[in-house]
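Chain residues, written in single-letter form:
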Amino acid sequence: MATWQDFEHEAPDLAPAVRARFEANKHHVLATLRKDGSPRVSGTEVDFHGADLVLGSMHGAVKALDLRRDARFALHSNPSDETLADGDAKVSGRAVELTDEAELAAYEAELPEPPPGPYHAFRLELDQVVHTTVEGDAVVIRSWRPGEPVRRVERR
């Protein structure tokens, strides 16, 4: 697994495009696993804090409970329109709940205002990042995994 910062260092040409997709819209789609192993999708917001991509959640929300039980996740950026002019981004990996007081204080310091009550916060550790664009008559898929070079595939 890798931090967002690790990804930026290993894939400096890909990271800005992926980050731009997550910063272009506030709401994205998070996939988690239910207790019975079936998928659950939820709307969510993410932020970049220091070296990390982080996700916050209301206390007791089912997506947070899913991540506490099974940390595996997939996160799909909001593509904003049907043209996919700026591409489409997906990341997957494992969510690590922030429980250390110093980590939580640093997380809260990055927020525009403190949470109104109890909450969950997770650091998203990355196992795969994918950015898909349409270039001319081809779909271009660039993907990265920790320790590997960016892979580029074109489909016509």
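Here the structure is shown first, and the text comes after it.
All of the points below concern the structure found in this document. (Residues numbered from 1 in each chain as written. Predicted model: local features only at pLDDT ≥ 70, side-chain atom pairs only at ≥ 80, totals over all residues. Heavy atoms only, no water.)

1. Considering helix 2 (residues 15-24)
Stage number 1. Those residues of helix 2 that fall on the buried side of the exposure criterion are Ala 15, Val 18, Arg 21 and Phe 22. Within helix 2, the buried residues cover an arc of 130 degrees as seen down the axis, which keeps them to one side. (Buried < 20%, exposed > 50% of the residue type's maximum accessible area, 1.4 Å probe, protein only. Helix = DSSP H or I, 4+ residues; strand = E, 2+ residues; numbered from the N terminus. Arc of directions from axis to C-beta.)

2. A few points about the nonpolar core
Generally speaking, a soluble globular protein has its nonpolar side chains buried in company with each other.
Stage number 1. If you look at the biggest cluster of nonpolar residues, it comprises 25 residues, and the most contacted ones within it are Phe 7, Val 18, Phe 73, Leu 75 and Val 91.
Stage number 2. Looking at this core, the elements that each hand over two or more residues are helix 1 (4-10), helix 2, strand 3 (46-49), strand 4 (52-58), helix 3 (62-69), strand 5 (72-76), strand 6 (88-97) and strand 7 (119-135).
Stage number 3. It is strand 7 that contributes the most residues to this core, four residues altogether.
Stage number 4. Those residues in contact with Phe 7, other than ones at most four positions away along the chain, are Leu 14, Ala 15, Val 18, Leu 126, Val 129 and Trp 144.
Stage number 5. Within the second largest apolar cluster, six residues are counted, among which are Val 54, Leu 104, Tyr 107 and Ala 121. (Core = buried A, V, L, I, M, F, W, Y, C linked by side-chain atoms within 4.5 Å. Contact = heavy atoms within 4.5 Å.)

3. Let's talk about the pairing of strand 3
Stage number 1. Where strand 3 lies against strand 4, four bridges are found, and the strand directions are antiparallel. Residue pairing across strands places Phe 48 opposite Leu 53, the latter belonging to strand 4.
Stage number 2. In textbook terms, the turn of a hairpin is the stretch between consecutive antiparallel strands, and for strand 3 and strand 4 this stretch comprises two residues, one of which, Gly 50, has a positive phi near 60 degrees. (Pairing = 2+ DSSP bridges.)

4. Describing the packing of aromatic side chains
Stage number 1. Per the stated rule, a full pass over the model turns up four aromatic pairs.
Stage number 2. Summarising the aromatic geometry, the rings of Trp 4 and Phe 7 are spaced 4.9 Å apart at their centres and angled 70 degrees between planes, so their arrangement reads as edge-to-face. Of this pair, Trp 4 and Phe 7 both sit in helix 1, three residues apart, which is roughly one turn of the helix. Like Phe 7, Trp 4 is buried.
Stage number 3. Taken together, a centroid distance of 4.8 Å and an interplanar angle of 65 degrees make the contact between Trp 4 and Phe 48 edge-to-face. Residue Trp 4 is found in helix 1, and its partner Phe 48 is found in strand 3; the two are separated by 44 residues along the sequence. Take Trp 4 and Phe 48: they sit in the same class, and that class is buried.
Stage number 4. Among the aromatic residues, those joined into a cluster by ring pairs are Trp 4, Phe 7, Phe 48 and Trp 144. (Phe/Tyr/Trp six-rings, centres within 6.5 Å; stacked < 30°, edge-to-face > 60°.)

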